[in-house]
Amino acid sequence: MNEPGHVLVVGASRGIGLELVRQYARDGWTVHATTRGEEPGDLGEIDGAVQLHRLDVRNDGQVSSLVEALPQRGLDVVIHNAGIYRGHTRDELMEVNAEGPIRVVQSLIAGGRMADNGSVVLMTSRMGSRRGRTDILGDYGDSKAALNDEFRLRAPAWELAGVIAVVMHPGWVRTDMGGSGATLSVEESATGIRRVIAGMSSADHGRFYNWDGSEQPW
Ligand SMILES: NC(=O)c1ccc[n+]([C@@H]2O[C@H](COP(=O)([O-])OP(=O)(O)OC[C@H]3O[C@@H](n4cnc5c(N)ncnc54)[C@H](OP(=O)(O)O)[C@@H]3O)[C@@H](O)[C@H]2O)c1
């Protein structure tokens, strides 16, 4: 969808999520942005219609409160961007990267918060793609592969619920996670992600895309 509407960005305190909030707010969208901390941080500097919500994706109570706070049938776009990489146990990676996005999106759908034909993007990684890999994926790659697998299992039900959902690799991006040697700026990645979302139709449901719109093998 190209007209400004309501977008939810989960994991918006920094990195790609923060830039997505900046760009959508600049373009006149109403942005619901989640952070784990109590302080708005850099989100507090953004002009426009930005509403902050407190959310750790592992916290069921906070997920329920978020759903309650959002408009009925109101979300045109949901981007589940929150994720972790280094310095975490395998269990933590699974909980945040694989279970978190499914928990949040399933709750939004069951709670009737998605607009008809609303778009959902679950941020995954190419490191979760098994295609052509002969080495092991590692704990992070495994967590994103588990997300992709669960997404494919849920996709038929989500389609029946009237949602257009994809998983997406944001590129290798210069953030705390991606590091300073990465190829893309947050502006380039977020611009690409938004362009893909704006062009999404029901034919895209259930697919795995890169930030530039190319399809990523599973
Ligand atoms: N950067 C890359 O090159 C790259 C490549 C492939 C995939 N990705 C994926 O793209 C997404 C964004 O990456 P990024 O580079 O922007 O990462 P980042 O700079 O490390 O930011 C991660 C964001 O996720 C939030 N978050 C982490 N754990 C959370 C939790 N339990 N509940 C709620 N929010 C949580 C963080 O909040 P706090 O500030 O509270 O920690 C932060 O806002 C991630 O899913 C990542 O796996 C990134």
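Just so it is clear, the model here is predicted, and its values are computed rather than measured. (Residues numbered from 1 in each chain as written. Predicted model: local features only at pLDDT ≥ 70, side-chain atom pairs only at ≥ 80, totals over all residues. Heavy atoms only, no water.)

Draft legend 1. View of the pairing of strand β1 (residues 6-10). Counted residue by residue, β1 has four buried out of five residues, so it is predominantly covered. Bridge count for β1 against strand β2 (residues 30-35) is four bridges, and the pairing is parallel. Within the sheet, the bridge partner assigned to Leu 8 lies in β2 and is His 32. Handedness of the crossover joining β1 and β2 through helix α1 (residues 15-26): right-handed. Pairing between β1 and strand β4 (residues 75-80): four bridges, direction parallel. Bridge assignment links Val 9 to a residue of β4, and that residue is Ile 79. (Buried < 20%, exposed > 50% of the residue type's maximum accessible area, 1.4 Å probe, protein only. Helix = DSSP H or I, 4+ residues; strand = E, 2+ residues; numbered from the N terminus. Pairing = 2+ DSSP bridges. Right-handed = clockwise from strand over helix to strand, strands pointing away.)

Draft legend 2. Geometry of the site of the ligand. The local shell around the ligand holds 30 residues, among which Ser 13, Arg 14, Arg 36, Tyr 140 and Thr 175 are the closest. Asp 56 is positioned with one of its side-chain polar atoms (N or O) 3.0 Å from a nitrogen atom of the ligand. The backbone of Asn 81 places a nitrogen or oxygen atom 2.9 Å from an oxygen atom of the ligand. Relative to its unbound accessible surface of 900 Å², the ligand loses 93% to contact with the protein. Looking at the shell around the ligand, the elements with two or more residues in it are α1 and α4 (138-160). (Near = heavy atom within 4 Å. Polar contact = N/O pair within 3.5 Å; in protein donor to acceptor, adjacent residues only side chain to side chain. Areas by Shrake-Rupley, 256 points an atom, 1.4 Å probe, with all protein chains shown as cover.)

Draft legend 3. Fine view of α1. Compared with an ideal rise of 1.5 Å per residue, which puts 12 residues at 16 Å, α1 spans 17 Å between its outermost C-alpha atoms and is within 8% of the ideal. Of all 12 residues in α1, nine are buried, a share of seventy percent or more. Within α1, burial applies to Ile 16, Gly 17, Leu 18, Glu 19, Leu 20, Val 21, Gln 23, Tyr 24 and Ala 25. Residues of α1 that are buried make contact with β1, β2, β3 (50-54), β4, β5 (114-123) and α5 (186-198). Where α1 ends, the next residue or the one after it, Gly 28, has phi of about 90 degrees, a positive value. (Expected span 1.5 Å × (residues − 1). Contact = heavy atoms within 4.5 Å.)

Draft legend 4. A look at the pairing of β5. In terms of burial, β5 is a largely internal element, eight of the 10 residues being buried. Alignment of β4 against β5, held across five bridges, turns out to be parallel. Residue pairing for β5: Val 77 is matched across the bridge by Ser 119. Between β4 and its parallel partner β5, the chain crosses via helix α3 (residues 90-110), and the hand of that crossover is right-handed. Relative to strand β6 (residues 164-169), β5 runs parallel, the two being bridged by five bridges. If you follow Ser 119 over to β6, its bridge partner there is Ile 164.

Draft legend 5. View of the packing of helix α2 (residues 60-69) against α3. Orientation of α2 relative to α3, taken along the N-to-C sense of each, is 35 degrees, at an axis distance of 10 Å. Considering how the two elements wind past one another, α2 and α3 form a crossing that is right-handed. Packed against α2, whose contacting residues are Asp 60, Val 63 and Val 67, the element α3 presents Arg 103, Val 104, Ser 107 and Leu 108 at the interface. Taken together, the residues that form the contact of α2 with α3 break down as four nonpolar, one polar and two charged. (Axes fitted to C-alpha atoms, helices over the stretch in contact; angles between N-to-C directions. Left-handed = near helix turned anticlockwise from the far one by under 90°. Nonpolar A, V, L, I, M, F, W, Y, C, P; charged D, E, K, R; others polar.)

Draft legend 6. Geometry of the sheet that holds β4. Taking strand neighbours across the sheet as the criterion, the seven strands line up as β3-β2-β1-β4-β5-β6-β7 in an open arrangement whose pairing is parallel. A strand with exactly one partner marks an edge of an open sheet, and here the two such strands are β3 and β7 (208-210). The sheet shows a mean angle of 20 degrees between the axes of neighbouring strands, taken without regard to direction. When β6 meets β7, the two strands line up parallel, connected through three bridges. Along β7, the bridge assignment pairs Met 168 with Tyr 209.

None of the figures reported here should be taken as evidence of function without further support.
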